[in-house]
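Here's the letter readout for the chains.
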Amino acid sequence: MHWPDPADLPLVDGYPDLLVCLDGTPVKSAQLWRDKRRPELIALIQRYEYGSPPTIKASPTARTIHENRSALGGKAWLRELAVTIGPGAPPIHLLVLLPTKKLEKREPAPLFLGASFTGNQTLTDDPAVRLPTCWQYGDYPGETEHRATEATRGTQTKTWNPDLILDAGYGLAVFQATEADRDTSTQRDGLQPWLRAQEPHTPERWGTIALWAWTISRLIDVLVQDPAIDARRIVSVGHSRLGKTVYLAAALDERIAMSIPLQAGCGGTAPARCTTGETIERINTVFPHWFNSHYKAFNDRPRALPFDQHALAALIAPRPVLFANASEDQWANPDGQFTILQAADPVYRLLGVQGLAHHAQPPLNTLSPGRLGYWQRPGRHEMNAQDWQTFIAYAKRHLGS
Ligand code: GCU
């Protein structure tokens, strides 16, 4: 591939033109988009920002370690799965809650697949759900010295709102991202040592966000085999750094039917060419392990990047993606995020679907429901019931119930 000189890149409204290939060819057909520009954008984001994900041929297998057919007062069939990505890999634990009402009718359930900061036991009071042994952030209720204790059980139900999701006829599957790779710059664990042993000669390392996103795809490998789950209606959901993760996962994995990155900000849904909130320099300094080494070269010149974060929305096209935000979370640059959607809109139009439903940024509490969805609520940096009401409404609109 010819790597671009940034000075040569055509810009549209300040962002690299998604519909011009690196060699200058204008992209005027869906075919050319698919065959040439889309692969080119994948190569660009992997080379300059996230790193390339592992190339091993994974063959994940799942073992049920706990099952409860009348969870959440009978609303849900709960299973905890230990997913092993390949021989010798440490397991990733996936909590799967499916709506009883769908199961009784033998209808496959659409599913929110979430990446979580905390363990599976924080989503339920079921005492048989396993306490994780991996590294914990340490500042969530019940965690001590980066370990989970019994006091963590059921503490995140107001974050994930399984009741609302199950009542809507959707399932929820969640894994703890730090089981795949702890979130510190000084030490790699989880899947990382195992993967490196499989691919000792890989010259360019993937960052933690790429590894988390790859893990999501390996969990999908398992979920799509389950006849109780509608494999064509899987929605990736995550908050903040995990919003960045689920956005990347959807850009790279077309089995994800919809993505909902919440307050994902810099390195996710906010522009790298930003003047508000977190900058590339700040994120690369405080969280150097999230991205690859090349990304650091853009710390003081984000305008030299041959793409911006609109490339990921474009890779998701024509599938729906909802950028969700909160007005007090200016660190995530909610207004800048809307310009990312505007810049991705031409790709949706090229593919023959509506991207943005409103061309001006909608007021607070107003969902812009196009396939390039946007929503901002008052309040702070968190995931809560109001967010889930909106996610569910958006999912039902595009994927049905
Ligand atoms: C920090 C970081 C953000 C990130 C957030 C989070 O604030 O700067 O980029 O999104 O943590 O994950 O909560």
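This text follows the structure it describes.
All figures in this text were calculated on a predicted structure; none of them were measured in a lab.

(A) How the structure looks around the site of the ligand. In the vicinity of the ligand, the residues found are S240, R241, K244, E278, R282, I283, F287, W290, W331 and H381. At a separation of 2.6 Å, an oxygen atom of the ligand approaches a polar side-chain atom of E278. Take W331: an N or O atom from its side chain is 2.9 Å from an oxygen atom of the ligand. When the ligand is considered free in solution it has 320 Å² of accessible area, and contact with the protein chains removes 83% of it. Broken down by secondary-structure element, the contributors of at least two residues to the shell around the ligand are α8 (241–252) and α9 (280–286). Its residues assigned to classes, the shell around the ligand shows 4 nonpolar, 2 polar and 4 charged.

(B) Structural detail: helix α13 (residues 385–399). When the terminal C-alpha atoms of α13 are compared, their 20 Å separation across 15 residues agrees well with the 21 Å that a helix rising 1.5 Å per residue should span. Three or more residues of α13 are buried, namely D387, W388, T390, F391, I392, Y394, A395 and L399. Where α13 starts, the residue carrying a side-chain oxygen 3.0 Å from the main-chain nitrogen of Q386 turns out to be N384. G400, located one to two residues past α13, shows a positive phi value of around 80 degrees.

(C) Main features of the environment of D163. Turning to its location among the elements, D163 is positioned in helix α4 (residues 162–167). Among the residues examined, D163 registers a relative accessible area of 35% and is labelled partly exposed. For the pair D163 and L72, spaced 91 residues apart in sequence, the C-alpha separation works out to 7.3 Å. In contact with D163, not counting residues within four places along its chain, are L72 and K75. Engagement of the side chain of D163 in a polar contact is seen with the side chain of K75, the distance being 2.7 Å.

(D) View of the nonpolar core. L94 and L191 are the most contacted members of the largest nonpolar core, which totals 93 residues. When residues in this core are grouped by element, the largest group, 11 residues, is from helix α7 (residues 208–223).

(E) Here's a closer look at the sheet that holds strand β5 (residues 92–99). Judged by pairing direction, the sheet is mixed, and its 9 strands sit side by side in the order β3-β4-β5-β9-β6-β10-β11-β12-β13 without closing on themselves. Each having just a single partner strand, β3 (61–71) and β13 (372–377) make up the two edges of the open sheet. On average, adjacent strands in this sheet sit at an angle of 20 degrees to one another, irrespective of strand direction. Strand contacts of helix α12 (residues 334–350): β12 (321–326) and β13, with the helix running at about 165 degrees to β13, the strand carrying the most contacts.

(F) Here's a closer look at the side chain of Q337. With respect to the helices and strands, the residue Q337 is situated in helix α12. A polar atom in the side chain of Q337 sits 2.8 Å from the backbone oxygen of A332. Those residues in contact with Q337 that lie beyond four places of it in its chain are A264, G265, T269, A270, P271, F323, N325, A332 and Y374.

(G) Region of interest: the pattern of salt bridges. For the coordinates displayed, the defined rule picks out 24 salt bridges. A salt bridge links E254 to R34; the shortest N-O distance between them is 2.9 Å. Of this pair, E254 sits in the loop between α8 and β11 (258–262) while R34 sits in helix α1 (residues 30–50), and the two are 220 residues apart along the sequence. For E254, a relative accessible area of 39% translates into the label partly exposed. Two residues, D181 and R188, come together in a salt bridge whose shortest N-O distance is 3.2 Å. For D181, a relative accessible area of 0% translates into the label buried. Salt bridges linked by common partners bring R218, D221, D253 and R255 together as one network.

(H) Representation of unusual backbone geometry in the model. The linkage connecting A317 with the following residue, P318, adopts the cis geometry, with an omega of 5 degrees. Positive phi outside glycine occurs at Q263, with the angle close to 45 degrees. Checked against the element boundaries, Q263 lands in the loop between β11 and α9. Judged by its relative accessible area of 1%, Q263 falls in the buried class.

(I) Seen up close, the pairing of β11. Summarising burial for β11: 5 of the 5 residues are buried, a large majority. With 5 bridges joining them, strand β10 (residues 229–239) and β11 adopt parallel strand pairing. Looking at the pairing, V237 lines up with I260 of β11. Handedness of the crossover joining β10 and β11 through α8 is recorded here as right-handed. Both β11 and β12 contribute to a ladder of 2 bridges, which runs parallel. Within the sheet, the bridge partner assigned to S259 lies in β12 and is V321.

(J) Local environment of the packing of α1 against α8. At a minimum axis separation of 11 Å, α1 and α8 run at an interaxial angle of 145 degrees. Where α1 crosses over α8, the two elements pack in a sense that is left-handed. Note on element contacts: α8 touches α1 through L248, A251 and L252, opposite R38, I42, I45, Q46 and Y50. Among the residues forming the contact of α1 with α8, the class breakdown is 6 nonpolar, 1 polar and 1 charged.

Rules used in this analysis
Residues numbered from 1 in each chain as written. Predicted model: local features only at pLDDT ≥ 70, side-chain atom pairs only at ≥ 80, totals over all residues. Heavy atoms only, no water. Near = heavy atom within 4 Å. Polar contact = N/O pair within 3.5 Å; in protein donor to acceptor, adjacent residues only side chain to side chain. Areas by Shrake-Rupley, 256 points an atom, 1.4 Å probe, with all protein chains shown as cover. Helix = DSSP H or I, 4+ residues; strand = E, 2+ residues; numbered from the N terminus. Nonpolar A, V, L, I, M, F, W, Y, C, P; charged D, E, K, R; others polar. Expected span 1.5 Å × (residues − 1). Buried < 20%, exposed > 50% of the residue type's maximum accessible area, 1.4 Å probe, protein only. Contact = heavy atoms within 4.5 Å. Core = buried A, V, L, I, M, F, W, Y, C linked by side-chain atoms within 4.5 Å. Pairing = 2+ DSSP bridges. Axes fitted to C-alpha atoms, helices over the stretch in contact; angles between N-to-C directions. Salt bridge = Lys/Arg side-chain N within 4 Å of Asp/Glu carboxyl O. Right-handed = clockwise from strand over helix to strand, strands pointing away. Left-handed = near helix turned anticlockwise from the far one by under 90°.

Treat this as a map of the structure, not an account of what it does.
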